[in-house]
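# Working through the structure, step by step
One-letter residues, chain by chain:
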Amino acid sequence: MMPFSVLHISDLHRSPQDPISNEELISALVSDRDRYTREDPAIPAPEAIVVSGDIIRGVGLGAAGYEAALASQYEVAAAFLDELVRRFLGGDRSRVVIVPGNHDVDWNTAFAAMTPVEEKDIPPNLEDALFRESSEFRWNWKTRTLYRITDPALYERRLAAFWQFFHSFYDGVPGLLKVQVGADANLFSLCDGRIGVAGFNSCHGNDCFERRGMVRKEAVARSHLELSDTGALFDLRMGVWHHSIDGPPHRTDYMDVDVVRGMIGRGFRVGLYGHQHRTQVAPHQVWLPDRERMAVVSAGSLCAGPRDLPTGTYRQYNILEIAPDFLSVRVHVREMSVANLFSRGTFPEFGGASVAELDWEPLRNPVGGRVNIGLRRRRAAIEEAEGLFKTGLSASAVAVLRPLDLPPGSYERDLFLNAAVAAVDWPAVLAVTNPPRSIQELVQRVDACTRTDDFGGALASLDNFSAPLGMPPPLEAELRQRVAVIQGIKQ
(Lines give C-alpha, C1' and ligand atoms only; values in the text may rest on other atoms or scores of the structure.)
Protein backbone atom coordinates (compact mmCIF):
# COMPACT_ATOMS: atom_id res chain seq x y z
CA MET A 1 0.00 0.00 0.00
CA MET A 2 1.29 3.45 -0.95
CA PRO A 3 1.39 6.42 1.47
CA PHE A 4 -1.67 8.67 1.41
CA SER A 5 -0.63 12.05 0.02
CA VAL A 6 -2.24 15.34 1.12
CA LEU A 7 -1.79 18.80 -0.38
CA HIS A 8 -1.82 21.21 2.59
CA ILE A 9 -2.27 24.86 1.64
CA SER A 10 -3.08 27.83 3.85
CA ASP A 11 -3.42 31.61 3.86
CA LEU A 12 -4.50 31.92 0.27
CA HIS A 13 -5.36 35.62 0.73
CA ARG A 14 -7.12 35.65 -2.65
CA SER A 15 -8.40 38.93 -4.05
CA PRO A 16 -8.69 40.59 -7.47
CA GLN A 17 -5.71 42.78 -6.50
CA ASP A 18 -3.36 39.90 -5.71
CA PRO A 19 -0.11 40.26 -7.69
CA ILE A 20 -0.25 36.53 -8.57
CA SER A 21 -3.26 35.56 -10.66
CA ASN A 22 -5.16 32.30 -10.30
CA GLU A 23 -3.71 31.09 -13.58
CA GLU A 24 -0.13 31.75 -12.46
CA LEU A 25 -0.70 30.06 -9.12
CA ILE A 26 -2.40 26.97 -10.57
CA SER A 27 0.32 26.70 -13.20
CA ALA A 28 3.01 26.90 -10.50
CA LEU A 29 1.33 24.16 -8.44
CA VAL A 30 0.80 21.88 -11.43
CA SER A 31 4.36 22.28 -12.70
CA ASP A 32 5.68 21.61 -9.19
CA ARG A 33 3.61 18.42 -9.01
CA ASP A 34 5.20 17.35 -12.27
CA ARG A 35 8.59 17.87 -10.62
CA TYR A 36 8.07 16.27 -7.23
CA THR A 37 6.43 13.15 -8.65
CA ARG A 38 9.71 12.58 -10.56
CA GLU A 39 12.11 13.51 -7.76
CA ASP A 40 14.27 10.94 -6.01
CA PRO A 41 12.60 9.82 -3.86
CA ALA A 42 9.37 10.66 -5.67
CA ILE A 43 6.50 12.31 -3.79
CA PRO A 44 3.08 10.82 -4.64
CA ALA A 45 0.53 13.09 -6.30
CA PRO A 46 -2.00 14.41 -3.74
CA GLU A 47 -5.15 12.43 -3.11
CA ALA A 48 -6.75 15.07 -0.85
CA ILE A 49 -6.48 18.81 -0.23
CA VAL A 50 -6.58 20.63 3.12
CA VAL A 51 -7.10 24.41 3.15
CA SER A 52 -6.41 25.67 6.66
CA GLY A 53 -7.98 29.12 6.53
CA ASP A 54 -7.57 32.70 5.31
CA ILE A 55 -9.27 32.01 2.01
CA ILE A 56 -9.34 35.71 1.12
CA ARG A 57 -7.36 38.86 1.86
CA GLY A 58 -10.24 40.49 3.74
CA VAL A 59 -11.44 44.09 3.93
CA GLY A 60 -10.26 46.70 6.43
CA LEU A 61 -12.44 48.36 9.04
CA GLY A 62 -14.35 51.32 7.61
CA ALA A 63 -13.84 50.36 3.98
CA ALA A 64 -16.55 51.58 1.63
CA GLY A 65 -18.53 48.91 -0.20
CA TYR A 66 -17.01 46.16 1.94
CA GLU A 67 -19.76 43.63 1.17
CA ALA A 68 -19.15 43.86 -2.58
CA ALA A 69 -15.38 43.71 -1.98
CA LEU A 70 -15.74 40.53 0.08
CA ALA A 71 -17.93 38.95 -2.59
CA SER A 72 -15.39 39.73 -5.32
CA GLN A 73 -12.55 38.22 -3.25
CA TYR A 74 -14.50 35.00 -2.68
CA GLU A 75 -15.24 34.84 -6.42
CA VAL A 76 -11.49 34.78 -7.06
CA ALA A 77 -10.98 32.17 -4.31
CA ALA A 78 -13.81 29.99 -5.60
CA ALA A 79 -12.43 30.05 -9.13
CA PHE A 80 -8.98 29.13 -7.83
CA LEU A 81 -10.23 26.18 -5.78
CA ASP A 82 -12.52 24.98 -8.57
CA GLU A 83 -9.56 24.74 -10.92
CA LEU A 84 -7.26 23.27 -8.26
CA VAL A 85 -9.71 20.49 -7.38
CA ARG A 86 -10.36 19.74 -11.05
CA ARG A 87 -6.67 19.39 -11.86
CA PHE A 88 -5.57 17.58 -8.69
CA LEU A 89 -8.60 15.51 -7.63
CA GLY A 90 -10.60 15.11 -10.81
CA GLY A 91 -13.22 17.50 -9.43
CA ASP A 92 -14.00 15.40 -6.32
CA ARG A 93 -14.79 18.01 -3.65
CA SER A 94 -15.51 15.38 -1.00
CA ARG A 95 -11.72 15.04 -0.67
CA VAL A 96 -11.26 18.73 0.21
CA VAL A 97 -11.24 20.07 3.79
CA ILE A 98 -11.78 23.84 4.23
CA VAL A 99 -11.81 25.86 7.47
CA PRO A 100 -12.05 29.63 8.02
CA GLY A 101 -9.24 31.92 9.15
CA ASN A 102 -9.08 35.36 10.72
CA HIS A 103 -8.92 37.08 7.29
CA ASP A 104 -12.31 35.51 6.55
CA VAL A 105 -13.82 37.44 9.47
CA ASP A 106 -15.70 40.54 8.31
CA TRP A 107 -14.50 43.29 10.64
CA ASN A 108 -17.16 45.75 9.50
CA THR A 109 -20.03 43.46 10.42
CA ALA A 110 -18.39 42.68 13.77
CA PHE A 111 -17.92 46.39 14.52
CA ALA A 112 -21.52 47.17 13.58
CA ALA A 113 -22.62 44.74 16.31
CA MET A 114 -20.73 46.71 18.99
CA THR A 115 -21.62 49.79 21.01
CA PRO A 116 -19.20 52.06 22.94
CA VAL A 117 -19.48 51.61 26.70
CA GLU A 118 -20.01 54.78 28.69
CA GLU A 119 -17.60 55.39 31.53
CA LYS A 120 -20.29 54.86 34.16
CA ASP A 121 -21.03 51.38 32.71
CA ILE A 122 -17.45 50.13 32.66
CA PRO A 123 -17.21 46.94 34.76
CA PRO A 124 -15.33 47.42 38.06
CA ASN A 125 -12.89 44.65 37.18
CA LEU A 126 -12.31 45.46 33.51
CA GLU A 127 -9.38 43.07 33.08
CA ASP A 128 -11.47 40.06 34.09
CA ALA A 129 -14.36 41.23 31.92
CA LEU A 130 -12.13 41.63 28.87
CA PHE A 131 -10.19 38.40 29.09
CA ARG A 132 -12.74 35.86 30.23
CA GLU A 133 -13.74 33.28 27.64
CA SER A 134 -16.53 34.45 25.33
CA SER A 135 -16.40 37.97 26.74
CA GLU A 136 -18.82 40.48 25.21
CA PHE A 137 -16.36 43.35 25.81
CA ARG A 138 -13.71 44.58 23.33
CA TRP A 139 -10.96 47.17 23.79
CA ASN A 140 -9.83 49.43 20.95
CA TRP A 141 -6.25 50.43 21.71
CA LYS A 142 -6.18 52.97 18.90
CA THR A 143 -8.99 55.12 20.34
CA ARG A 144 -8.77 53.88 23.94
CA THR A 145 -12.45 52.92 23.74
CA LEU A 146 -14.28 50.05 25.39
CA TYR A 147 -16.95 48.37 23.27
CA ARG A 148 -19.62 45.84 24.06
CA ILE A 149 -21.23 43.36 21.68
CA THR A 150 -24.86 44.42 21.92
CA ASP A 151 -26.21 42.63 18.84
CA PRO A 152 -25.04 39.00 19.16
CA ALA A 153 -27.05 37.88 16.12
CA LEU A 154 -25.36 40.46 13.88
CA TYR A 155 -21.98 39.63 15.43
CA GLU A 156 -22.41 35.96 14.45
CA ARG A 157 -22.84 37.08 10.83
CA ARG A 158 -19.23 38.32 10.63
CA LEU A 159 -18.38 35.03 8.83
CA ALA A 160 -21.47 35.13 6.62
CA ALA A 161 -19.49 35.69 3.40
CA PHE A 162 -17.21 32.75 4.21
CA TRP A 163 -20.14 30.45 4.98
CA GLN A 164 -21.85 31.44 1.74
CA PHE A 165 -18.69 30.49 -0.15
CA PHE A 166 -18.45 27.28 1.93
CA HIS A 167 -22.05 26.32 1.15
CA SER A 168 -21.56 26.93 -2.55
CA PHE A 169 -18.40 24.82 -2.60
CA TYR A 170 -19.95 21.76 -0.89
CA ASP A 171 -23.56 22.04 -2.05
CA GLY A 172 -24.70 18.70 -3.47
CA VAL A 173 -21.34 16.97 -2.93
CA PRO A 174 -21.84 13.28 -1.99
CA GLY A 175 -19.68 11.37 0.47
CA LEU A 176 -19.41 14.03 3.19
CA LEU A 177 -19.72 12.98 6.83
CA LYS A 178 -21.15 16.18 8.32
CA VAL A 179 -20.74 19.53 6.62
CA GLN A 180 -22.95 22.36 7.90
CA VAL A 181 -22.79 26.11 7.49
CA GLY A 182 -21.85 27.83 10.76
CA ALA A 183 -20.67 24.67 12.52
CA ASP A 184 -17.86 24.85 15.08
CA ALA A 185 -16.53 21.64 13.51
CA ASN A 186 -17.27 19.91 10.22
CA LEU A 187 -16.46 16.24 9.64
CA PHE A 188 -14.85 14.66 6.59
CA SER A 189 -13.74 11.18 5.56
CA LEU A 190 -10.59 10.60 3.50
CA CYS A 191 -8.59 7.62 2.21
CA ASP A 192 -11.64 5.40 1.59
CA GLY A 193 -12.92 5.96 5.11
CA ARG A 194 -9.66 5.21 6.89
CA ILE A 195 -9.00 8.83 7.95
CA GLY A 196 -11.58 10.86 9.87
CA VAL A 197 -11.09 14.64 9.81
CA ALA A 198 -12.56 17.35 12.02
CA GLY A 199 -12.30 20.80 10.45
CA PHE A 200 -12.51 23.32 13.32
CA ASN A 201 -13.48 26.99 13.28
CA SER A 202 -10.71 28.63 15.34
CA CYS A 203 -12.26 32.10 14.92
CA HIS A 204 -14.67 31.87 17.84
CA GLY A 205 -14.70 35.43 19.29
CA ASN A 206 -12.21 36.69 16.69
CA ASP A 207 -12.93 40.17 15.28
CA CYS A 208 -11.47 43.61 14.57
CA PHE A 209 -10.35 44.11 18.19
CA GLU A 210 -9.88 40.52 19.37
CA ARG A 211 -7.09 38.82 17.41
CA ARG A 212 -6.66 35.58 19.34
CA GLY A 213 -7.83 32.26 17.99
CA MET A 214 -10.13 29.89 19.81
CA VAL A 215 -11.51 26.45 19.10
CA ARG A 216 -14.29 25.84 21.57
CA LYS A 217 -13.52 22.85 23.78
CA GLU A 218 -17.10 21.69 23.32
CA ALA A 219 -16.43 21.52 19.58
CA VAL A 220 -13.50 19.17 20.12
CA ALA A 221 -15.58 16.96 22.42
CA ARG A 222 -18.55 16.97 20.04
CA SER A 223 -16.43 16.12 16.99
CA HIS A 224 -14.91 13.19 18.91
CA LEU A 225 -18.36 11.87 19.75
CA GLU A 226 -19.76 12.42 16.27
CA LEU A 227 -16.82 10.69 14.58
CA SER A 228 -17.40 7.75 16.93
CA ASP A 229 -21.16 7.81 16.26
CA THR A 230 -20.59 7.35 12.52
CA GLY A 231 -19.65 3.75 13.30
CA ALA A 232 -16.61 4.09 11.03
CA LEU A 233 -13.36 2.49 12.16
CA PHE A 234 -10.80 5.20 11.44
CA ASP A 235 -7.13 4.26 11.37
CA LEU A 236 -6.29 7.94 11.90
CA ARG A 237 -8.10 11.00 13.23
CA MET A 238 -6.94 14.38 12.00
CA GLY A 239 -7.78 17.90 13.18
CA VAL A 240 -7.59 21.02 11.00
CA TRP A 241 -7.82 24.63 12.20
CA HIS A 242 -6.29 28.00 11.32
CA HIS A 243 -4.53 29.72 14.22
CA SER A 244 -1.02 28.91 15.42
CA ILE A 245 -0.62 27.44 18.89
CA ASP A 246 2.44 29.35 20.06
CA GLY A 247 3.87 32.80 19.53
CA PRO A 248 6.25 35.44 20.91
CA PRO A 249 5.54 37.09 24.28
CA HIS A 250 3.94 40.27 22.93
CA ARG A 251 1.69 38.61 20.36
CA THR A 252 -1.92 37.70 21.10
CA ASP A 253 -3.09 36.19 17.82
CA TYR A 254 -2.58 32.51 18.58
CA MET A 255 -4.73 29.97 20.37
CA ASP A 256 -4.45 27.97 23.57
CA VAL A 257 -2.32 24.86 23.10
CA ASP A 258 -4.43 23.15 25.77
CA VAL A 259 -7.13 22.72 23.12
CA VAL A 260 -4.66 20.64 21.11
CA ARG A 261 -3.93 18.53 24.18
CA GLY A 262 -7.67 17.89 24.37
CA MET A 263 -7.56 16.65 20.79
CA ILE A 264 -4.64 14.34 21.59
CA GLY A 265 -6.50 12.83 24.53
CA ARG A 266 -9.44 12.10 22.23
CA GLY A 267 -7.40 10.17 19.70
CA PHE A 268 -6.43 12.84 17.16
CA ARG A 269 -2.91 12.12 15.91
CA VAL A 270 -2.34 14.76 13.18
CA GLY A 271 -3.10 18.48 13.44
CA LEU A 272 -2.83 20.89 10.49
CA TYR A 273 -3.01 24.66 10.68
CA GLY A 274 -1.65 27.87 9.11
CA HIS A 275 -1.73 31.55 10.14
CA GLN A 276 1.95 32.02 10.99
CA HIS A 277 2.94 32.12 7.28
CA ARG A 278 5.79 29.64 7.59
CA THR A 279 6.02 25.87 7.57
CA GLN A 280 6.71 24.23 10.90
CA VAL A 281 6.42 20.73 12.30
CA ALA A 282 6.44 19.69 15.94
CA PRO A 283 5.34 16.79 18.12
CA HIS A 284 2.95 17.65 20.95
CA GLN A 285 2.21 15.14 23.66
CA VAL A 286 0.10 14.56 26.72
CA TRP A 287 0.35 11.94 29.49
CA LEU A 288 -2.94 10.10 30.12
CA PRO A 289 -1.20 8.27 31.94
CA ASP A 290 0.91 6.91 29.06
CA ARG A 291 2.39 9.28 26.55
CA GLU A 292 0.09 10.13 23.64
CA ARG A 293 1.60 12.15 20.84
CA MET A 294 0.29 14.24 17.96
CA ALA A 295 2.11 15.48 14.84
CA VAL A 296 1.27 19.18 14.48
CA VAL A 297 2.09 20.74 11.11
CA SER A 298 1.82 24.34 9.98
CA ALA A 299 1.73 25.30 6.31
CA GLY A 300 3.35 28.51 5.13
CA SER A 301 1.31 31.10 3.29
CA LEU A 302 0.48 30.21 -0.30
CA CYS A 303 -0.18 33.80 -1.39
CA ALA A 304 0.63 36.30 1.38
CA GLY A 305 2.23 39.53 0.23
CA PRO A 306 5.80 40.52 1.15
CA ARG A 307 4.66 42.60 4.15
CA ASP A 308 2.85 39.60 5.65
CA LEU A 309 5.66 37.07 5.27
CA PRO A 310 8.17 36.54 8.11
CA THR A 311 11.67 37.79 7.35
CA GLY A 312 13.52 35.40 5.05
CA THR A 313 10.41 33.35 4.31
CA TYR A 314 8.97 32.67 0.87
CA ARG A 315 5.48 31.59 -0.12
CA GLN A 316 5.11 27.94 0.80
CA TYR A 317 2.87 24.90 0.95
CA ASN A 318 3.22 21.33 2.19
CA ILE A 319 2.82 17.82 0.85
CA LEU A 320 2.13 15.23 3.56
CA GLU A 321 2.77 11.52 3.07
CA ILE A 322 0.82 9.57 5.67
CA ALA A 323 2.38 6.13 6.11
CA PRO A 324 0.33 3.04 5.16
CA ASP A 325 0.24 1.95 8.82
CA PHE A 326 -1.10 5.42 9.81
CA LEU A 327 1.58 5.80 12.50
CA SER A 328 3.82 8.43 10.91
CA VAL A 329 3.85 11.32 8.46
CA ARG A 330 6.53 12.71 6.17
CA VAL A 331 6.18 16.46 5.52
CA HIS A 332 7.66 18.04 2.40
CA VAL A 333 7.89 21.83 2.25
CA ARG A 334 7.62 23.45 -1.18
CA GLU A 335 8.75 27.04 -1.62
CA MET A 336 8.25 29.79 -4.21
CA SER A 337 11.69 31.37 -4.62
CA VAL A 338 12.36 31.85 -8.34
CA ALA A 339 10.08 33.35 -11.01
CA ASN A 340 6.92 32.54 -9.02
CA LEU A 341 7.68 28.81 -9.27
CA PHE A 342 7.69 26.25 -6.47
CA SER A 343 10.48 23.81 -5.69
CA ARG A 344 11.99 22.15 -2.62
CA GLY A 345 11.88 24.40 0.44
CA THR A 346 13.72 24.22 3.75
CA PHE A 347 13.01 23.62 7.41
CA PRO A 348 15.51 25.89 9.24
CA GLU A 349 14.96 23.96 12.48
CA PHE A 350 16.01 20.75 10.66
CA GLY A 351 19.27 22.10 9.31
CA GLY A 352 17.80 23.24 6.02
CA ALA A 353 16.25 19.87 5.12
CA SER A 354 13.20 19.88 2.85
CA VAL A 355 11.63 16.88 4.60
CA ALA A 356 10.63 16.27 8.21
CA GLU A 357 9.21 13.08 9.72
CA LEU A 358 7.00 12.69 12.78
CA ASP A 359 5.40 9.63 14.30
CA TRP A 360 3.02 8.82 17.12
CA GLU A 361 2.04 5.97 19.37
CA PRO A 362 -0.71 3.58 18.23
CA LEU A 363 -4.01 3.74 20.06
CA ARG A 364 -4.22 1.48 23.12
CA ASN A 365 -7.14 -0.37 24.66
CA PRO A 366 -7.98 -0.08 28.40
CA VAL A 367 -5.51 -2.86 29.30
CA GLY A 368 -2.65 -1.31 27.32
CA GLY A 369 -2.78 -3.47 24.22
CA ARG A 370 -2.47 -1.94 20.77
CA VAL A 371 -5.80 -1.29 19.06
CA ASN A 372 -5.69 -3.04 15.68
CA ILE A 373 -8.11 -0.95 13.62
CA GLY A 374 -7.45 -3.04 10.51
CA LEU A 375 -8.48 -6.23 12.31
CA ARG A 376 -11.57 -4.54 13.72
CA ARG A 377 -12.55 -3.32 10.28
CA ARG A 378 -12.06 -6.79 8.83
CA ARG A 379 -14.20 -8.41 11.51
CA ALA A 380 -16.90 -5.81 11.00
CA ALA A 381 -16.91 -6.44 7.23
CA ILE A 382 -17.18 -10.21 7.74
CA GLU A 383 -20.04 -9.79 10.21
CA GLU A 384 -21.85 -7.44 7.81
CA ALA A 385 -21.39 -9.80 4.89
CA GLU A 386 -22.59 -12.74 6.95
CA GLY A 387 -25.77 -10.87 7.86
CA LEU A 388 -26.38 -9.90 4.23
CA PHE A 389 -25.86 -13.47 3.02
CA LYS A 390 -28.24 -14.91 5.60
CA THR A 391 -30.96 -12.46 4.56
CA GLY A 392 -30.61 -13.32 0.88
CA LEU A 393 -28.59 -10.26 -0.18
CA SER A 394 -25.79 -12.35 -1.62
CA ALA A 395 -24.58 -9.79 -4.18
CA SER A 396 -24.22 -7.18 -1.43
CA ALA A 397 -22.25 -9.69 0.68
CA VAL A 398 -19.87 -10.22 -2.25
CA ALA A 399 -19.40 -6.45 -2.59
CA VAL A 400 -18.52 -6.10 1.12
CA LEU A 401 -15.99 -8.94 1.07
CA ARG A 402 -14.45 -8.18 -2.34
CA PRO A 403 -11.84 -5.65 -1.03
CA LEU A 404 -10.58 -8.09 1.65
CA ASP A 405 -7.68 -10.46 1.35
CA LEU A 406 -9.22 -13.95 1.32
CA PRO A 407 -6.60 -16.42 2.60
CA PRO A 408 -7.06 -20.14 1.82
CA GLY A 409 -9.05 -22.03 4.43
CA SER A 410 -10.48 -18.86 5.98
CA TYR A 411 -14.13 -18.40 6.91
CA GLU A 412 -14.34 -15.17 4.91
CA ARG A 413 -13.11 -16.95 1.75
CA ASP A 414 -15.73 -19.67 2.10
CA LEU A 415 -18.38 -17.02 2.79
CA PHE A 416 -17.35 -15.04 -0.28
CA LEU A 417 -17.52 -18.08 -2.58
CA ASN A 418 -20.86 -19.27 -1.21
CA ALA A 419 -22.29 -15.76 -1.61
CA ALA A 420 -20.87 -15.46 -5.14
CA VAL A 421 -22.43 -18.80 -6.14
CA ALA A 422 -25.78 -17.71 -4.66
CA ALA A 423 -25.51 -14.39 -6.52
CA VAL A 424 -24.64 -16.22 -9.78
CA ASP A 425 -21.45 -14.11 -9.88
CA TRP A 426 -19.35 -16.60 -11.81
CA PRO A 427 -16.50 -14.16 -12.61
CA ALA A 428 -16.01 -13.64 -8.86
CA VAL A 429 -15.90 -17.41 -8.29
CA LEU A 430 -13.36 -17.88 -11.07
CA ALA A 431 -11.16 -15.03 -9.80
CA VAL A 432 -10.93 -16.39 -6.24
CA THR A 433 -10.51 -20.05 -7.24
CA ASN A 434 -7.56 -19.37 -9.52
CA PRO A 435 -6.09 -21.70 -8.38
CA PRO A 436 -8.54 -23.69 -6.25
CA ARG A 437 -7.26 -24.42 -2.72
CA SER A 438 -9.65 -27.23 -1.74
CA ILE A 439 -11.87 -29.87 -3.27
CA GLN A 440 -14.91 -27.66 -2.58
CA GLU A 441 -13.28 -24.76 -4.44
CA LEU A 442 -12.45 -27.03 -7.38
CA VAL A 443 -16.10 -28.12 -7.56
CA GLN A 444 -17.16 -24.44 -7.50
CA ARG A 445 -14.64 -23.57 -10.20
CA VAL A 446 -15.76 -26.38 -12.50
CA ASP A 447 -19.36 -25.32 -11.99
CA ALA A 448 -18.51 -21.66 -12.76
CA CYS A 449 -16.64 -22.66 -15.93
CA THR A 450 -19.54 -24.83 -17.05
CA ARG A 451 -22.08 -22.08 -16.35
CA THR A 452 -20.10 -19.68 -18.51
CA ASP A 453 -19.75 -22.24 -21.34
CA ASP A 454 -16.01 -22.58 -20.74
CA PHE A 455 -16.05 -26.37 -20.99
CA GLY A 456 -12.37 -26.56 -21.84
CA GLY A 457 -11.56 -24.58 -18.69
CA ALA A 458 -13.72 -26.92 -16.60
CA LEU A 459 -11.90 -30.00 -17.90
CA ALA A 460 -8.48 -28.32 -17.60
CA SER A 461 -9.22 -27.48 -13.96
CA LEU A 462 -10.02 -31.15 -13.29
CA ASP A 463 -6.90 -32.26 -15.17
CA ASN A 464 -4.63 -29.90 -13.22
CA PHE A 465 -6.03 -29.92 -9.71
CA SER A 466 -8.11 -33.04 -8.95
CA ALA A 467 -5.10 -35.23 -8.13
CA PRO A 468 -3.07 -32.61 -6.14
CA LEU A 469 -6.13 -31.77 -4.07
CA GLY A 470 -6.98 -35.44 -3.48
CA MET A 471 -10.39 -35.41 -5.13
CA PRO A 472 -12.05 -38.86 -4.92
CA PRO A 473 -12.17 -40.52 -8.38
CA PRO A 474 -15.97 -41.09 -8.28
CA LEU A 475 -16.52 -37.34 -7.69
CA GLU A 476 -14.12 -36.41 -10.48
CA ALA A 477 -15.88 -38.81 -12.84
CA GLU A 478 -19.28 -37.36 -11.91
CA LEU A 479 -18.05 -33.82 -12.61
CA ARG A 480 -16.59 -34.81 -15.97
CA GLN A 481 -19.84 -36.48 -16.95
CA ARG A 482 -21.82 -33.37 -15.90
CA VAL A 483 -19.57 -31.14 -18.04
CA ALA A 484 -20.02 -33.46 -21.02
CA VAL A 485 -23.83 -33.55 -20.66
CA ILE A 486 -24.19 -29.78 -20.40
CA GLN A 487 -21.77 -29.25 -23.30
CA GLY A 488 -23.82 -31.66 -25.38
CA ILE A 489 -27.07 -29.88 -24.56
CA LYS A 490 -25.56 -26.49 -25.44
CA GLN A 491 -24.26 -27.80 -28.75
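Scroll up a little and you will see the structure.
The sections below set out a description of the structure shown in this document. (Residues numbered from 1 in each chain as written. Predicted model: local features only at pLDDT ≥ 70, side-chain atom pairs only at ≥ 80, totals over all residues. Heavy atoms only, no water.)

### With respect to helix 2 (residues 66-89)
- Under the 1.5 Å per step criterion, the end-to-end length of helix 2 is 33 Å for 24 residues, consistent within 8% with the ideal 34 Å.
- Within the sequence span of helix 2, burial applies to Leu70, Gln73, Tyr74, Val76, Ala77, Phe80, Leu81, Leu84, Val85, Phe88 and Leu89.
- Looking at the buried side of helix 2, the elements it contacts are strand 1 (4-9), helix 1 (22-36), strand 2 (48-52), strand 3 (96-99) and helix 6 (160-170).
- After helix 2 finishes, the residue Gly90 shows a positive phi value of roughly 65°. (Helix = DSSP H or I, 4+ residues; strand = E, 2+ residues; numbered from the N terminus. Expected span 1.5 Å × (residues − 1). Buried < 20%, exposed > 50% of the residue type's maximum accessible area, 1.4 Å probe, protein only. Contact = heavy atoms within 4.5 Å.)

### Considerations on the pattern of salt bridges
- Taken as a whole and assessed by the stated rule, the structure comprises 36 salt bridges.
- In this structure, Arg344 engages Glu39 in a salt bridge whose closest nitrogen and oxygen atoms are separated by 3.3 Å. Here Arg344, found in strand 15 (residues 341-344), pairs with Glu39, found in the loop between helix 1 and strand 2; they are 305 residues apart in sequence, far enough to count as distant.
- The exposure class assigned to Glu39 is buried, which follows from its relative accessible area of 18%.
- Its salt-bridge partner being Arg330, residue Glu357 comes within 3.4 Å of it at the nearest N-O pair. Here Glu357 is found in strand 16 (residues 355-359), whereas its partner Arg330 is found in strand 14 (residues 328-338), with 27 residues between them in sequence.
- Taking relative accessible area as the criterion, Glu357 reaches 52% and is therefore assigned exposed.
- For Arg330, a relative accessible area of 32% corresponds to the partly exposed category.
- Each of the salt bridges in this network shares a partner with another, and the network as a whole consists of Asp32, Arg35, Glu39, Arg334 and Arg344. (Salt bridge = Lys/Arg side-chain N within 4 Å of Asp/Glu carboxyl O.)

### Concerning the packing of aromatic side chains
- Counted by the stated rule, this structure contains 16 aromatic pairs.
- Summarising the aromatic geometry, the rings of Phe162 and Phe165 are spaced 6.0 Å apart at their centres and angled 55° between planes, so their arrangement reads as tilted. Here Phe162 and its partner Phe165 are both found in helix 6, three residues apart, which amounts to about one turn of the helix.
- Judged by relative accessible area, which is 0%, Phe162 ranks as buried.
- Three or more aromatic residues link up through ring pairs in this structure, and these residues are Tyr74, Phe162, Trp163, Phe165, Phe166, Phe169, Tyr170 and Phe188.
- Over the ring of Phe80 we find Arg14, and its NZ or CZ is 5.8 Å from the ring centre.
- The aromatic ring of Phe169 is capped on one face by Arg93, whose charged end is 4.5 Å from the ring centroid. (Phe/Tyr/Trp six-rings, centres within 6.5 Å; stacked < 30°, edge-to-face > 60°. Lys NZ or Arg CZ within 6 Å of the ring centre and 35° of its normal.)

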